[in-house]
Amino acid sequence: MTRARIFVVAGAFILLEILCRLGIIDRVTMIPPSEMLVALWQLIAGGRFDGDIAFTAYNIVAAFVLAVVGGFVIGGLLHASPRLRHVVEPLLSAYYAVPTFVFYPLLIVAFGVGRAPLIVIGAIFGIVVMIVHTMQGLDHVPPAVNKSAAMMKLGGIRRYVLVMVPAATPHLVSGIKLAVAYSVIGVVAGEFILATQGIGKRISFAYDNFDNRTMYGLLLLLLIVVTCVNAGLSTWEKRLHRRFGLR
Amino acid sequence: MSANSGKIALRGVTKVFAAGNGHGAVEALGPVDIDIAGGEFFSVVGPSGCGKSTLLDIIAGLSSPTTGEADFDGKPLAGGVPEGVGAVFQQDASFFWLNVWDNVAFGLRRKGVDAAEIRRRVSYALSFMGLTEFASAYPAQLSGGMRQRVCIARTFVLKPRLLLLDEPFGALDQQTRLVMGDELLRVWREIGATVILITHSLEEAAMLSDRVAVMSARPGRFIDFVVTRWPRSRDSRIIADERFGGITARLWGSLREESLKSLGNIGGAAMLDEPR
Amino acid sequence: MIPRRLDPILLMVAVLALWQGLELIAGPEVVASPAVTIVHAIALVQKSGFWQDAAETGLAFALASVISIAGGLLLGLWLGLHRFAGDVADPILGSLYSIPKITLYPLILLIFGLGMSAKVAFGVIHGVLPIAIFSMNAVRGVPPIHLKTARMLRMSKLSIAITILAPAALPEIVAGIRVGVALTLLGTLIGELFAATTGIGFALIRATDVHDVADILALTLMLFLFAASINSLLHFGERRMRHER
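**A closer look at the overall build of chain B**
Move 1: The number of helices and strands found in chain B is eight helices and 10 strands.
Move 2: Taken over the C-alpha trace, chain B has a radius of gyration of 19 Å; the compact-globule value for 276 residues is 19 Å, and the two agree within 12%.
Move 3: Seen through its C-alpha atoms, chain B measures out along the principal axes to roughly 65 × 45 × 40 Å.
Move 4: Within the span of chain B, comprising 276 residues, buried residues form 53% of the whole.

Structure (structure tokens):
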């Protein structure tokens, strides 16, 4: 199975390489994957983009932490208050149907150009998925588990910390995994639209100047990092599901 | 007998659930009067939906009666779970994020028992329930019967004076049920607690209990009591005893009419009664 | 106590109050008040320029939706019916889904140039994967006992597909289409934000460039209403299919 998977992925890359080398895909559109790798290595070794990488990484981490902590707290509060939850439910379900970063221009007006609007847009993009998964996780705590906690005289915040949250961990991890993806999208999209530095800014600058090596090098860097983080979290998620006997 | 022996006294206990969306008020239980002695193994059988679980919730302190009085060792059951009561439910309530050892130690840790004492009591409980070699396994790796053993061990380790069992073996197959019944009798003798068992299974009630109460269809009232007079040192082999069939037959005799009623369709009982 | 069926109104009041509060704190040059925005929106829908933009966006969205749904269904159903291919593809689809597709915008522009095809392509790369993943899982999730029952009735493969697989998997597939269509709209609009000279997304960028806050919010409001109505329409269909009232 794993072998077949490697075969499929490697095959796709080799096909792309051949198409590029034969000129069926021209160099203005895409450089061969092998050259992307070389370009990626050179721009990391050269250190030219260290500042931008640090800038973007900082923003993503800040946005992610805000989204996860905020989403966890709000999700917990909404779970505890079914009425409030019923009121805001339609908003939550329609949230991702709306391209949130149409608000980015407004944020620039409010916060100026810099870190702040990028972090805020990344956080508001990621927070709702965390809210939804926190509520789902708490919903799925079996009633018998809750009753047992009551029999042990665990109530209020202690029941929440010792029973509800641990039982909800697999769902929380799913939320965290998606919050990573959404924070990255928010921050990088913001940098594309308007920013003074950051990886998104460098990619769009390279695109405007037909500098395909830099552009594809940075693109590859972004994709590799995101895919690795995602794969790591997926593995953790699967392990938790298996250990907890969830499907 | 001391004051804290695990006695239960119910006087005129009823439970009415308030009207909610789409349905009127539901009279779920009672009135119920009963005295359960300390150390007694007491079972309740009754048709589905007769209020057995509601009765158990009231005795557990999870829910309060609408009218009447419920006392545990002379103190009124009101506002919360009293000290010294443990419960095992039909649905799997093992804490699936903890391994078996941590599951069993959970309640002791909450009470602030010191570490050496926790280790001693948990390892005793595990060996008593035959779980020692699974101490580091997670519930998901165990069968349904083993998980229920974990839940019993988790309660057993706290040495309750009153053990409440709500269909604890309902999801298990017949042979496992018999084996678990033996384990339960050993636990009962070991901790000397009062046990109140709610079950669908007449055989289970007849085999395990000192006394079996039969409940009517909703709102549930006690309509019959059967005293078994088994020796305290009994085990599942008593199902071969000649008196066993007599006890289950008496239980079914009291219960049949009520079961037909609870199946719901008016006239259903009459229809079945007609000879073909 | 306010009855529960008034909750949608409660939500609207709360959102409007929050919005108004934001305007008071941040000032009218940052956020236009709800009243100003609504007046502006009404003026906007009376202009022909707006309807040209809307038609442009609508066409791109419709094309992208059709391609996403057709492609996603084909891929997803095929993978769902072929156990091995599905097992191989599952994590690959998962990681492709999690890639921030927005980073691919230079690539899309280089391939399709500025204009309609780039917008459609952007919509499709966002929408096709969730539809494929949902429909694959939908087919795989049909309980084996149903298929066993069908085989005991000596049904042919085709009639099993029509009478068992399709109805059992349909609600889940519709859920996938709901998610996929929402993301297709998102992708189409992103395409317009970055790479278009017409459409609602482009109108948003134009409004941003000239700092017309009322225009930005009026367009956003209409986008929200459009997206929310499509979402609830598909949600309704999905609930009907699950026989939840």
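Anyway, onward from the coordinates.
**What about the pairing of strand E3 (residues 41-45) of chain B?**
All names here are of chain B.
Move 1: The element E3 is largely enclosed, with a buried count of five among its five residues.
Move 2: Burial of E3 is two-sided: the residues Phe41, Ser43 and Val45 facing one way and the residues Phe42 and Val44 facing the other way are all buried.
Move 3: Of the strand pairs in this sheet, E3 and strand E9 (residues 211-215) are connected by four bridges, and their pairing is parallel. Directly across from Val44, in E9, lies its bridge partner Ala213.

**So, the interface of chain A and chain B**
Move 1: At the junction of the two partners, chain A supplies 19 residues and chain B supplies 23 residues.
Move 2: A combined buried area of about 2,000 Å² lies between chain A and chain B, and 74% of that area is made up of carbon and sulfur atoms.
Move 3: For chain A, the biggest contributors to the area lost against chain B are Lys147(A), Met151(A) and Met152(A); these three give 33% of the whole.
Move 4: Across the chain A-chain B interface, the total number found is one salt bridge.
Move 5: For Asp57(B), the salt bridge is made with Lys147(A), and the minimal N-O distance between the two is 3.3 Å.
Move 6: Counting the contacts that link chain A with chain B gives three residue pairs in polar contact (both at pLDDT 80 or more).
Move 7: Counting residues per element, the side of chain A that touches chain B draws most heavily on helix H7 (residues 143-151) of chain A, which supplies six residues.

**Points about the interface of chain A and chain C**
Move 1: Listed by partner, the interface residues are 45 residues for chain A and 47 residues for chain C.
Move 2: Buried area between chain A and chain C, summed over both chains or domains, comes out near 4,300 Å², and the portion from carbon and sulfur atoms is 79%.
Move 3: If you look at where chain A meets chain C, you find one salt bridge.
Move 4: Across the pair Arg83(A) and Asp7(C) runs a salt bridge whose closest N-O atoms are separated by 2.7 Å.
Move 5: Across the contact surface, chain A and chain C share four residue pairs in polar contact (both at pLDDT 80 or more).
Move 6: Listing elements by their share of the side of chain A that touches chain C, those giving two or more residues are helix H1 (2-21), helix H4 (82-95), helix H5 (104-111), helix H8 (156-193), helix H9 (199-208) and helix H10 (212-244) of chain A.
Move 7: With nine residues, H10(A) is the single largest residue contributor to the side of chain A that touches chain C.

**Quick notes on the pattern of salt bridges**
A side chain of one charge can pair with a side chain of the opposite charge if their charged atoms are brought near each other.
Move 1: Counting across every chain of the model gives 26 salt bridges over all chains.
Move 2: Put simply, Glu89(A) and Arg85(A) hold a salt bridge, and the shortest N to O gap is 3.7 Å. Highlighted residues: Glu89(A) and Arg85(A), both in helix H4, separated by four residues, approximately one helical turn.
Move 3: Classification of Glu89(A) by relative accessible area gives partly exposed; the value is 35%.
Move 4: As a salt-bridge pair, Lys111(B) and Glu83(B) come within 3.5 Å of each other at their nearest N and O atoms.

**What to know about the sheet that holds strand E7 (residues 162-166) of chain B**
Residues and elements named next belong to chain B.
Move 1: Across the sheet, which stays open at both edges, the six strands sit in the order E6-E7-E8-E3-E9-E10 with mixed pairing between neighbours. For this open sheet the edge positions go to strand E6 (85-89) and strand E10 (222-227), each flanked by a neighbour on one side alone. Pairs of neighbouring strands in the sheet enclose a mean axial angle of 15°, with direction left out of account.
Move 2: One ladder, built from five bridges, connects E7 with strand E8 (residues 194-199); its direction is parallel. Within the sheet, the bridge partner assigned to Leu164 lies in E8 and is Ile196.
Move 3: Against the sheet, helix H4 (residues 144-156) contacts E6 and E7, and its axis sits at roughly 175° relative to E6.

**With respect to the arrangement of the chains**
Move 1: By contact count, the leading pair among the two pairs of chains in contact is chains A and C.
Move 2: At no point do chain B and chain C touch; the closest pair of C-alpha atoms across them sits 11 Å apart.

**Things to note about the packing of helix H2 (residues 34-44) of chain C against helix H10 (residues 213-241) of chain C**
All names here are of chain C.
Move 1: The geometry of H2 relative to H10 is characterised by a closest axis approach of 8 Å and an angle of 75° between their N-to-C directions. In this view, H2 runs roughly perpendicular relative to H10, as classed from their interaxial angle. Residues Val36, Thr37, Ile38, His40, Ala41 and Leu44 of H2 form the contact with H10, whose own contacting residues are Ala214, Asp215, Leu217, Ala218, Leu219, Leu221 and Met222.
Move 2: Counted by class, the contact of H2 with H10 contains 10 nonpolar, two polar and one charged residues.

**Here we look at the side chain of Ser209(B)**
Residues and elements named next belong to chain B.
Move 1: On the secondary structure map, Ser209 appears in the loop between helix H6 (202-208) and E9.
Move 2: The exposure class assigned to Ser209 is buried, which follows from its relative accessible area of 0%.
Move 3: A distance of 2.6 Å separates a polar side-chain atom of Ser209 from the backbone oxygen of Ala205.
Move 4: Setting aside residues up to four positions removed in sequence, Ser209 forms contacts with Phe41, Ser43, Thr228, Trp230 and Arg234.

**Structural notes on helix H5 (residues 105-112) of chain C**
Move 1: The set of residues buried in H5(C) consists of Tyr105(C), Pro106(C), Leu107(C), Ile108(C) and Leu109(C).
Move 2: Looking at the packing, one finds that the buried side of H5(C) touches H8, H9 and H10 of chain A together with helix H6 (116-140) and helix H8 (157-195) of chain C.
Move 3: Note on H5(C): the residue one or two positions beyond its end, Gly113(C), has a positive phi of about 70°.

**A short note on the domain arrangement of chain A**
Move 1: As assigned here, chain A comprises domain 1 (1-30) and domain 2 (42-244).
Move 2: Each of domain 1 of chain A and domain 2 of chain A has a C-alpha centre, and the two are 31 Å apart.

Quick notes on the rules
The residue count restarts for each chain, going from 1 along the sequence in the order it is written. The naming scheme follows written order: chains are lettered A onward, ligands numbered 1 onward. A pLDDT threshold of at least 70 governs which residues receive local features in this predicted model, and a stricter bar of 80 or more applies before side-chain atom pairs are shown or counted, although totals over entire chains, interfaces and linings include all residues. Working from all heavy atoms in the structure, the side-chain values ignore hydrogens and water. Strands are runs of DSSP state E lasting at least 2 residues, helices are runs of H or I lasting at least 4, and numbering of each runs from the N terminus. Note on method: radius of gyration uses C-alpha positions; expected globular size equals 2.2 Å times residues raised to 0.38. Three labels apply to residues, based on accessible area from a 1.4 Å probe with only protein chains included: buried if under 20% of the type maximum, exposed if over 50%, partly exposed otherwise in between. By the convention used here, strands pair only if DSSP detects at least 2 bridges between them. A contact between two residues is defined here by any heavy atoms of the two lying within 4.5 Å. When two parts are put together, the accessible area they lose, computed with a 1.4 Å probe and summed over both, is reported as buried area. Salt bridge, as used here, is a side-chain nitrogen of Lys or Arg placed within 4 Å of a carboxyl oxygen of Asp or Glu. For this analysis, a polar contact is any N or O atom pair within 3.5 Å, provided that within protein one partner can donate a hydrogen and the other can accept it, and provided that sequence-adjacent residues contribute only side-chain to side-chain pairs. The axes used here are C-alpha line fits, helices contributing only the stretch in contact, and every angle between their N-to-C directions lies in the interval 0 to 180 degrees. Here roughly perpendicular refers to angles of 65 to 115 degrees, roughly parallel to angles under 35, roughly antiparallel to angles over 145, and oblique to all remaining angles. Residues were grouped as follows: Ala, Val, Leu, Ile, Met, Phe, Trp, Tyr, Cys and Pro as nonpolar; Asp, Glu, Lys and Arg as charged; and all remaining residues, including Gly, as polar. All the domain ranges listed were derived from an automatic or database domain assignment.

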